Amino acid sequence: MKKILLLAVSALMSVFCVAQTKNVTKQKALVLYYSQTGTTKAVADEIRKRTGADIQSIDLDKPYDGDFQATIARCQEEKSKGVLPTLKPFAVAVKNYDVIYLGYPIWFGTYAPPIEALLKKESFEGKTLVHFCTFGSGGLEESVKALKSSLPKAKVNSGYGVRTARKNAIPVEVDRFLKENGFVAGKVDALPDYSAQKPVTEAEKTIFNTACGDYQFPLGTPVTVGKRTTKNSTDYKYTVQSRGMDGKESTSTILVTVPNGGKAEFTRVIR
Ligand SMILES: Cc1cc2nc3c(=O)[nH]c(=O)nc-3n(C[C@H](O)[C@H](O)[C@H](O)COP(=O)(O)O)c2cc1C
């Protein structure tokens, strides 16, 4: 009896999963992205490949220079003048799509100015927005907060973010992200929760330093850590204390993954 019940529940669940996926894939989807140096484009291409969505890059009338310092200088000048970069027209009409996969690099802690220009130009009312971003260290959470407040009439779904330094992880992580959220058919193993935070041991400090030591800016000192073991890795969630340029103490969360048999990698910072 118990076996029959279990079979019935699992059959029902698989029908539900397929139905949920079909529901999303029946809708018209567009991958819309800005990328200056190619990382966000790599994620956009992966999403397009896996979902079969249309794709549109966001191009500027006057592109930002590929140089980091020159880009910062131009952004500062634009900000002081209260202007945004102007966008080239799209080959597609955003209004014809139900689901928009919106991708951007994180600049100054949130989405880059071309996205700010996009949000002023296009209406996303009633659309499902699935955002993805790439960054040096982090910015997924901050940018989604900003998106939600700029687009109160769009349904902003959970997003995906990856560090530029972890470009190799994009295919596997995008696959998980799309399946977990029902955007494509297929199942992935659920990831376990992290264990409760405990003071870091010397060995855990070494893992943190291996993962984060070569990052260009200081990330702070790990104080406590929680862990989880997955099929392919051991993951660490560190609580880190640092002192900002203003001299104030702040706390952040830093995620690190150690692939089985591999080197510790700094996944992202959550501020
Ligand atoms: C002007 C500028 C500001 C940036 N600010 C941040 C930042 O605040 N936080 C961060 O993690 N990365 C920051 N970055 C790094 C980019 O987010 C990262 O290199 C991104 O992956 C680039 O994406 P792309 O290759 O698609 O252009 C910044 C880069 C530039 C050019």
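Residues numbered from 1 in each chain as written. Predicted model: local features only at pLDDT ≥ 70, side-chain atom pairs only at ≥ 80, totals over all residues. Heavy atoms only, no water.

*Asks:* For the nonpolar core, give the residues involved together with the corresponding values.
*Replies:* Judged by nonpolar contacts, the single largest core of 32 residues is most densely connected at L32, I100, L102, L118 and F124. For this core, the elements supplying multiple residues, two or more each, are β1 (29–33), β3 (99–107), α4 (113–121), β5 (128–135) and α5 (140–150). Residue contributions to this core peak at five residues, all from β3. F124 has contacts with L32, V94, I100, L118, L119, L129, L151, K153 and A154, leaving out every residue within four places of it along the chain. Counting 19 residues, the second-largest nonpolar core is a separate cluster that includes A29, V31, I47 and V162. (Core = buried A, V, L, I, M, F, W, Y, C linked by side-chain atoms within 4.5 Å. Buried < 20%, exposed > 50% of the residue type's maximum accessible area, 1.4 Å probe, protein only. Helix = DSSP H or I, 4+ residues; strand = E, 2+ residues; numbered from the N terminus. Contact = heavy atoms within 4.5 Å.)

*Asks:* Describe in detail the site of the ligand, supporting the description with residues and values.
*Replies:* Around the ligand lies a shell of 20 residues, among which S35, T37, T40, I106 and T134 are the nearest. Interatomic distance of 2.4 Å between a side-chain N/O atom of T37 and an oxygen atom of the ligand. Between the ligand and the protein, one listed contact pairs an oxygen atom with a backbone N or O atom of G109 at 2.8 Å. Going through the elements one at a time, α2 (39–51), α3 (68–81), β3 and β5 are the ones with two or more residues in the shell around the ligand. A class-by-class count of the residues in the shell around the ligand yields seven nonpolar, 13 polar and no charged. (Near = heavy atom within 4 Å. Polar contact = N/O pair within 3.5 Å; in protein donor to acceptor, adjacent residues only side chain to side chain. Nonpolar A, V, L, I, M, F, W, Y, C, P; charged D, E, K, R; others polar.)

*Asks:* Can you break down the pairing of strand β2 (residues 54–57) residue by residue, with the values?
*Replies:* Two strands pair when backbone bridges link them, and β1 and β2 are joined in this way by four bridges, in the parallel orientation. Within β2, the residue paired with V31 across the bridge is I55. In this region the chain leaves β1, passes through α2 and returns to the parallel neighbour β2; the handedness of that crossover is right-handed. (Pairing = 2+ DSSP bridges. Right-handed = clockwise from strand over helix to strand, strands pointing away.)

*Asks:* Quick one: what's the story with α5, residue by residue and with numbers?
*Replies:* Within α5 the residues assigned to the buried category are L140, S143, V144 and L147. Viewed along the axis of α5, the buried residues span an arc of 100°, placing them on a single side of the element. Along α5, the residues that are exposed and aim more than 90 degrees away from the buried face are K145 and S149. (Arc of directions from axis to C-beta.)

*Asks:* How would you summarise α4 if you had to cite specific residues and measurements?
*Replies:* Buried residues of α4: P113, P114, I115, A117, L118 and L119, and no others. Elements that come into contact with the buried residues of α4 comprise β1, α3, β3, β4 (110–111) and α5.

*Asks:* Would you mind going over the confidence of the model for the protein chain in detail, with residue names and values included?
*Replies:* Per-residue confidence for the protein chain averages 91 on the pLDDT scale, and 90% of its residues sit at or above 70. Contacts of residues 4–20 to residues separated by more than four positions or lying in other chains number three contacts, the stretch itself having pLDDT below 50. (pLDDT = per-residue confidence, 0-100.)

*Asks:* Describe the packing of aromatic side chains, and please don't skip the residues or the numbers.
*Replies:* All chains considered together, the criterion is met by 10 aromatic pairs. Ring centres of F208 and Y238 lie 5.0 Å apart, and the angle between their planes is 70°; on these two criteria the pair is classed as edge-to-face. Placement of the pair is F208 in helix α7 (residues 202–212) and Y238 in strand β10 (residues 233–243), with a sequence separation of 30 residues. For the ring pair Y236 and Y238, a centre distance of 6.0 Å and an interplane angle of 15° mean the geometry is stacked. Using a relative accessible area of 0% as the deciding quantity, one classes Y238 as buried. A network of ring pairs unites the aromatic residues Y101, Y160, F177 and F183 as a single cluster. Looking at K28, its charged tip hangs above the ring of Y97, at a distance of 4.7 Å from the centre. Over the aromatic face of F90 sits the side chain of K121, whose NZ or CZ is 5.0 Å from the ring centroid. (Phe/Tyr/Trp six-rings, centres within 6.5 Å; stacked < 30°, edge-to-face > 60°. Lys NZ or Arg CZ within 6 Å of the ring centre and 35° of its normal.)

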